[in-house]
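Now for the letters of each chain:
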Amino acid sequence: MSTPKILILGAGYGGILTALQLEKKLNYNEAEVTLVNKHDYHYITTWLHEPAAGTAPADHARVDLSRIIDKNKTKFVKGVVKSIQPENQTVTLEDGRELAYDYLVIGLGSSPETFGIEGLKEYAFSIRSINSVRQIREHIEYKFASYNSEPHRTDYLTIVVGGAGFSGTEFCGELADRIPELCKEFDVDPNLVKIYNVEAAPTALPGFDKELVDYAMEVLTRKGIEFRLGTPIKQCTPEGIILADGEEIKAGTVVWTGGVRGNEVVEKSGFEVMRGRIKVDEFLRAPGYDNVFVVGDCALIFNDQGRPYPPTAQIAVQEGENCGENLANLLRNAELKPFVPALQGTLASLGKGEGIGVVGSKKLFGTSAALMKKASDLRYLYKIGGVGLALSKVKL
Ligand code: FAD
Ligand code: NAD
């Protein structure tokens, strides 16, 4: 019998942890494991708001895959997945290459959810990859640089962040920290800079603990962020945004952080999806395909109350570990282990030295939340690349 082929799509949190778990569990030649990714690096998505605002270099948020995976155990293919053909057990890449599999793991992450809002795809940026955050940083700097030759265009100095969920508030925290330095660099009066965080719901971070939300809003307001709550964005234009009540906010930069959906490749490949995510079974398998596993933001799982878990790195990591272990079990005809998330809490940064969070039943505010978030990020880096990787990314 030929060696079974396991194909992992995406080297994000879910895909990497699946590959690492397989490296740990499988014996030599038990399976041929291939990891496909757009780039030859893994990016730390949970840090992308920092390079987007320019408070950290983009390189800080990425790690060469060669530092994480063992090339003797996992073959790496650099390529962009175009489609999956589950009936034929093949995957087609954009350059025309076709890869066959016996077992597939889909870990392609998410795409911005634009809810069909006019102009968002064309005129707004989103925080989704190393390339996208480089563009955001460069664009903001370009607008600040342009202002001095067109001083009547104060709108160049206005930044709209659409959506005050976790990504929006974390990004605003970093932006507020960057503005003084940007103003100095481009000879701009800080009083002319405006950052709006626009949110459809009546509160920022809807659904989160009120005391923590109040704290976050107080910190961000103090740092100069103007919240526009209960006012959904209706349209994005080359000049800025239009709110549902018709008000226009002229802005040089619009960054959309209004939510995510599963990667478009999944839906285009014919899988049944809800907001681009596949509702998986207890072993993270796609309905109708016992050999197709889904991890991370492409997978939809529900809690005991029937509510979907939000797509987070925390869950993606645990899904990857479970999936790797179950693939090894499958190859050995051993029993599969159901996936049960073990939630450790939620932590969000609000710029340097500030944050909020809940760990167990304890609420964290300010420095303690910020430190806890850093510790949790470093724990992840240690998990994927050992102490050397973790230490190389320490940023105080
Ligand atoms: P990803 O980590 O996004 O990885 C997907 C991989 O697939 C990438 O390597 C990508 O290049 C690759 N890929 C995509 N399309 C293709 C293709 N067509 N072909 C080949 N490769 C492809 N969650 C938390 O738990 N805690 C946090 O603090 C936190 N902070 C966040 C901050 C920000 C700014 C953002 C945007 C998200 C944050 N999240 C956080 C959410 C978390 O990052 C995601 O839930 C997590 O990254 C999902 O992991 P994943 O493996 O599904 O996808
Ligand atoms: P989200 O869905 O959590 O938040 C999006 C926000 O945009 C919501 O508050 C929503 O009401 C708002 N919105 C939607 N349409 C709008 C409109 N037309 N106008 C104005 N506001 C609008 O999405 P996100 O913040 O991008 O996060 C994506 C996922 O990543 C979530 O699951 C989140 O939990 C996770 N994440 C976690 C962390 C963390 O744990 N620190 C950080 C970032 C992201």
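Residues numbered from 1 in each chain as written. Chains lettered and ligands numbered in written order. Predicted model: local features only at pLDDT ≥ 70, side-chain atom pairs only at ≥ 80, totals over all residues. Heavy atoms only, no water.

### Section: the sheet that holds strand β25 (residues 362–365)
- Strand order in the open sheet formed by three strands is β23-β24-β25, with antiparallel pairing between adjacent strands. The open sheet terminates on both sides in strands that have one partner only, identified here as β23 (345–349) and β25. For this sheet, the mean inter-axis angle between neighbouring strands, taken without regard to orientation, is 10 degrees.
- Relative to strand β24 (residues 355–359), β23 is paired through five bridges, and the arrangement is antiparallel. Across the sheet, Leu-347 pairs through a bridge with Gly-357, a residue of β24. (Pairing = 2+ DSSP bridges. Helix = DSSP H or I, 4+ residues; strand = E, 2+ residues; numbered from the N terminus. Axes fitted to C-alpha atoms, helices over the stretch in contact; angles between N-to-C directions.)

### Here's the deal with helix α4 (residues 130–147)
- With 18 residues, α4 extends 26 Å between its outermost C-alpha atoms, agreeing within 8% with the 26 Å of an ideal straight helix rising 1.5 Å per residue.
- For α4, every residue scored as buried is listed here: Ile-130, Ser-132, Val-133, Ile-136, His-139, Ile-140, Glu-141, Lys-143, Phe-144, Ser-146 and Tyr-147. (Expected span 1.5 Å × (residues − 1). Buried < 20%, exposed > 50% of the residue type's maximum accessible area, 1.4 Å probe, protein only.)

### As for the site of ligand 2
- Near ligand 2 you find 23 residues, and of these Ser-167, Glu-199, Ile-233, Pro-311 and Leu-347 are the closest.
- At 3.3 Å, a side-chain N or O of Glu-170 approaches a nitrogen atom of ligand 2.
- Separating an oxygen atom of ligand 2 from a backbone N or O atom of Pro-311 is a distance of 2.9 Å.
- Coverage of ligand 2 by the protein chains reaches 77% of its 850 Å² of free accessible surface.
- Elements with a minimum of two residues in the shell around ligand 2: α5 (166–186), β13 (194–199) and β23.
- Of the residues forming the shell around ligand 2, the biggest block, three residues, is contributed by α5.
- Residues that form the shell around ligand 2 fall into these classes: 14 nonpolar, seven polar and two charged.
- When residues of the shell around ligand 2 are assigned to domains, at least three fall in each of domain 1 (5–38 + 79–112 + 260–343) and domain 2 (120–256). (Near = heavy atom within 4 Å. Polar contact = N/O pair within 3.5 Å; in protein donor to acceptor, adjacent residues only side chain to side chain. Areas by Shrake-Rupley, 256 points an atom, 1.4 Å probe, with all protein chains shown as cover. Nonpolar A, V, L, I, M, F, W, Y, C, P; charged D, E, K, R; others polar. Domains from an automatic or database assignment.)

### Notes on the packing of aromatic side chains
- Enumeration according to the criterion identifies four aromatic pairs in this entry.
- Between Phe-166 and Phe-208, the aromatic rings sit 5.1 Å apart at their centres with planes inclined by 80 degrees, giving edge-to-face as the arrangement. Placement of the pair is Phe-166 in helix α5 and Phe-208 in the loop between β13 and α6 (210–222), with a sequence separation of 42 residues.
- By relative accessible area, Phe-166 is classed as partly exposed at 33%.
- Plain terms: the ring middles of Phe-271 and Tyr-289 are 5.8 Å apart, the flat faces sit at 75 degrees to each other, and that makes the pair edge-to-face. Of this pair, Phe-271 sits in the loop between α7 (264–268) and β20 (278–279) while Tyr-289 sits in the loop between β20 and β21 (292–294), and the two are 18 residues apart along the sequence.
- Under the relative-accessibility criterion, Phe-271 is labelled buried at 7%.
- Here Arg-62 stacks its cationic end above the ring of Tyr-41, 4.6 Å away from the centre of that ring.
- The ring of Tyr-156 has Lys-143 sitting right over it, with the charged end atom 4.4 Å from the ring centre. (Phe/Tyr/Trp six-rings, centres within 6.5 Å; stacked < 30°, edge-to-face > 60°. Lys NZ or Arg CZ within 6 Å of the ring centre and 35° of its normal.)

### Here we look at the environment of Leu-99
- Tracing the sequence through the fold places Leu-99 in strand β8 (residues 98–100).
- When its relative accessible area of 17% is taken as the criterion, Leu-99 is described as buried.
- It is 9.7 Å that separates the C-alpha atoms of Leu-99 and Val-36, two residues lying 63 residues apart in sequence.
- The residues contacting Leu-99, other than those within four sequence positions of it, are Leu-7, Val-36, Gln-89, Thr-90, Val-91 and Leu-93. (Contact = heavy atoms within 4.5 Å.)

### With respect to the domain arrangement of the chain
- Domain parsing of the chain yields domain 1 (5–38 + 79–112 + 260–343) and domain 2 (120–256).
- The C-alpha centroid of domain 2 is placed 34 Å from the C-alpha centroid of domain 1.

### Concerning helix α9 (residues 367–392)
- With 26 residues, α9 should cover 38 Å at 1.5 Å per step; its first-to-last C-alpha distance of 22 Å lies more than 12% under that length.
- Along α9, the helix axis deviates most sharply at Gly-385, where the bend reaches about 135 degrees.
- Along α9, the residues classified as buried are Ala-369, Ala-370, Lys-373, Asp-377, Tyr-380, Leu-381, Ile-384, Leu-389 and Ala-390. (Bend = angle between axes of the 7 residues up to and from the residue.)

### Description of the site of ligand 1
- Close to ligand 1 lie 31 residues, the nearest being Gly-14, Asn-37, Val-81, Asp-297 and Ala-313.
- For ligand 1, whose free accessible area comes to 1,000 Å², the fraction covered by protein is 89%.
- Taken together, the elements giving at least two residues each to the shell around ligand 1 come down to α1 (13–25), α5 and α8 (313–331).
- Here the element with the most residues in the shell around ligand 1 is α8; it accounts for three residues.
- Tallied by class, residues from the shell around ligand 1 come to eleven nonpolar, 16 polar and four charged.
- Formed jointly, the shell around ligand 1 draws a minimum of three residues from each of two domains, domain 1 (5–38 + 79–112 + 260–343) and domain 2 (120–256).

### Considering the state of the cysteines
- Considering all chains together, one arrives at zero disulfides under this definition.
- In this structure Cys-183 is a free cysteine whose sulfur lies 16 Å from that of Cys-172, the closest cysteine sulfur available.
- Owing to a relative accessible area of 4%, Cys-183 belongs among the buried residues under this scheme.
- Unpaired in terms of disulfides, Cys-323 finds its nearest cysteine sulfur in Cys-298, a separation of 12 Å.
- On the basis of relative accessibility, which here comes to 0%, the residue Cys-323 falls in the buried class. (Disulfide = S-S within 2.5 Å.)

### A look at the packing of α4 against α5
- Look at α4 against α5: their axes get within 11 Å of each other, and the N-to-C directions meet at 40 degrees. As judged from the angle between their axes, α4 and α5 are oblique. For the pair α4 and α5, the sense of crossing is right-handed. Contacts from Ile-136, Arg-137, Ile-140, Glu-141, Phe-144 and Ala-145 of α4 reach α5 at Phe-171, Leu-175, Arg-178, Ile-179, Leu-182, Cys-183 and Phe-186. (Parallel < 35°, antiparallel > 145°, perpendicular 65-115°, else oblique. Left-handed = near helix turned anticlockwise from the far one by under 90°.)

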